[in-house]
Amino acid sequence: MTRPLCVAAVQLRSGRDPSKNLPEVEALVRDAAAAGATYVQTPEMTNIIERDRADMLGKLEIEAKDAFVARGAELARELGITLHFGSLAIRRDDGKIANRAYVFGPAGDLLARYDKIHMFDVDLPMGETWRESAAYTPGESAIVVNAAGTRIGLAICYDLRFPQLFRAYGHSEVEIMGAPAAFTRQTGEAHWHVLQRARAIENGCFMVSAAQGGTHEDGRETYGHSLIVGPWGKVIAEADHANPGVVVADIDLDEVELTRARIPSLENERRFTLAE
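These numbers were taken from a predicted model, which means no experiment stands behind them. (Residues numbered from 1 in each chain as written. Predicted model: local features only at pLDDT ≥ 70, side-chain atom pairs only at ≥ 80, totals over all residues. Heavy atoms only, no water.)

So, about the overall build of the protein chain. Tallying secondary structure elements over the protein chain gives 7 helices and 16 strands in all. Relative to a compact globule of 276 residues, whose C-alpha radius of gyration would be 19 Å, the protein chain shows 18 Å and is just as compact. Dimensions of the protein chain along its principal axes, counting C-alpha atoms only, are 55 × 50 × 35 Å. With 276 residues in all, the protein chain has 54% of them scored as buried. A fraction of 68% describes how many contacts in the protein chain between residues 6 or more apart in sequence connect residues 24 or more apart. Total accessible area on the protein chain is roughly 12,100 Å²; 50% of this is exposed by carbon and sulfur atoms. The positive charge centre, built from 30 side chains, and the negative charge centre, built from 40, are 2 Å apart in the protein chain. (Helix = DSSP H or I, 4+ residues; strand = E, 2+ residues; numbered from the N terminus. Rg over C-alpha atoms; globule rule 2.2 N^0.38 Å. Buried < 20%, exposed > 50% of the residue type's maximum accessible area, 1.4 Å probe, protein only. Contact = heavy atoms within 4.5 Å. Areas by Shrake-Rupley, 256 points an atom, 1.4 Å probe, with all protein chains shown as cover. Lys, Arg positive; Asp, Glu negative; His and termini not counted. Charge placed at Lys NZ, Arg CZ, Asp CG, Glu CD.)

In C-alpha cells:
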C-alpha cells in the first residue's frame, strides 16, 4: 500500500433512549479504534430510532446541549481518530428535527456538518409508509470534508438513490463517499448492495456505509449489512448480518486514482440536451 488508511463501519441497533444508546455507541467506536481504524463511521440516527415523532422530539437537544455531539468530540480526541457520526437527530429552533451528520477530527474539532438532503417520503409494499418531511427539515448543501488524509463526501441513507449527488463528489476529487443508513429491511434486501456498488463504480471511489440493523424498540426493521466497497465495485468488507458490531478494512487510497485512470468516466462526461 502507498496511501494506506484503516476504516471502520460501526453497525448499531439504536433504541428509543439516547442516554442508553450513547454507551453502546462509545463501546463499539472504541472497538473500532482498537482494531486500528483511524476513520470510524456510525450509521444514520446513531442517537435514537423512534417512530413517534412527538416522543422523539421530547428526547432531543439542540446541538449545543447534545450529549452525542459533546462526547463525539471527546472520543475523537482521546482515540486520535476521525469520527464520523453518520447522523444524529438534532432539535432545531423551529420545532422540527435535523437529520445531521457530524465529522470530528483527531484533535476533537468539529470538521463538518451535513444535513440530509433527500427526504424518505414513500409508500412501500406490505403497508409501510414513511414521511420524513413531516418531521425533518432537509439540507440544501452537499459537503466535502478534508479528513483522515483524504477527501470525504457526506450523504445519508436515502441520498444513496440520487446519483447526481455522488457524481458531484466525484468531480470534486472525493476519494471516500458513503451513505450511513437506517435502510428498511425490505428495501435493503432489494437494493442496498447494488446501489452501494454502483455509486463506487460510477465515481471510482471507496464507499463506506455503516448501517442500523435488526428489530428496533419502536418495531421497525432495518437491514444491517454495513459495507466497505472498493473503487472497482468489489465488496471489501461486510457485516453479513443485522447485529451490532464493527467492520474494519485496510484500504489504499491510491486505488482511486488508478481506477479513475483505468475508466475515466468523470473526464469523459459530456453535457447533452434532451429532445422529445
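Another aspect to go through is the packing of aromatic side chains. Counted by the stated rule, this structure contains 6 aromatic pairs. For the pair tyrosine 102 and phenylalanine 104, a centre-to-centre distance of 6.2 Å together with 10° between the ring planes defines the contact as stacked. With a centroid separation of 6.5 Å and an interplanar angle of 85°, the aromatic rings of phenylalanine 166 and tyrosine 169 are classed as edge-to-face. Taken as a pair, phenylalanine 166 and tyrosine 169 lie in helix α4 (residues 163-171) at a separation of 3 residues, close to a single helical turn. (Phe/Tyr/Trp six-rings, centres within 6.5 Å; stacked < 30°, edge-to-face > 60°.)

The next subject is the packing of helix α1 (residues 18-34) against helix α3 (residues 67-79). Two numbers describe how α1 lies on α3: the axes approach to 11 Å, and their chain directions differ by 20°. Here α3 runs roughly parallel to α1, going by the angle between their axes. When you trace α1 past α3, the crossing you get is right-handed. Packed against α1, whose contacting residues are Pro18, Asn21, Leu22, Val25, Glu26, Val29, Arg30 and Ala33, the element α3 presents Ala67, Phe68, Arg71, Leu75, Glu78 and Leu79 at the interface. Residues that form the contact of α1 with α3 fall into these classes: 9 nonpolar, 1 polar and 4 charged. (Axes fitted to C-alpha atoms, helices over the stretch in contact; angles between N-to-C directions. Parallel < 35°, antiparallel > 145°, perpendicular 65-115°, else oblique. Left-handed = near helix turned anticlockwise from the far one by under 90°. Nonpolar A, V, L, I, M, F, W, Y, C, P; charged D, E, K, R; others polar.)

Another point: the pairing of strand β1 (residues 4-11). Across the 8 residues of β1, 7 count as buried, placing the element largely inside the fold. Where β1 meets strand β16 (residues 245-252), 8 bridges bridge the pair, whose relative direction is antiparallel. Bridging across to β16, cysteine 6 finds its partner in aspartate 250. Where β1 lies against strand β2 (residues 39-41), 3 bridges are found, and the strand directions are parallel. In the strand pairing of β2, valine 7 is matched with tyrosine 39. Crossover connection from β1 via α1 to parallel β2: handedness right-handed. (Pairing = 2+ DSSP bridges. Right-handed = clockwise from strand over helix to strand, strands pointing away.)

So, about the sheet that holds strand β8 (residues 143-147). Strand order across the open sheet formed by 6 strands is β8-β9-β10-β11-β14-β15, with mixed pairing between neighbours. With partners counted over all chains shown, the strands left at the sheet margins are β8 and β15 (235-238), one partner each. In this sheet, strand β10 (residues 176-177) lies alongside strand β9 (residues 150-154) in parallel orientation, the contact comprising 2 bridges. Counterpart to glycine 153 in the pairing with β10 is methionine 177.

Another aspect to go through is the packing of α4 against helix α5 (residues 185-203). As a packed pair, α4 and α5 sit with axes 9 Å apart at the nearest point and diverge in direction by 35°. Viewed along their axes, α4 and α5 form a crossing whose handedness is right-handed. Note on element contacts: α5 touches α4 through Arg199, Glu202 and Asn203, opposite Pro163, Phe166, Arg167 and Gly170. Looking at the contact of α4 with α5 residue by residue, the class counts come to 2 nonpolar, 2 polar and 3 charged.

A few words now on α1. Given a rise of 1.5 Å per residue, 17 residues ought to cover 24 Å, and the 24 Å separating the end C-alpha atoms of α1 matches this to within 8%. Considering only its buried residues, α1 is in contact with β1, β2, α2 (53-59), α3, β3 (82-91) and β16. Glycine 36 sits one or two residues past α1 and shows a positive phi near 105°. (Expected span 1.5 Å × (residues − 1).)

For alanine 33, the location among the structural elements is in helix α1. Residues contacting alanine 33, with those up to four places away along its chain left out, are Leu79 and Ile81.

Right, let's talk about the state of the cysteines for a bit. Evaluated as defined, the whole model comprises 0 disulfides. Of all cysteine sulfurs in the structure, the one in cysteine 205 sits closest to cysteine 157, which takes part in no disulfide; the separation is 18 Å. (Disulfide = S-S within 2.5 Å.)

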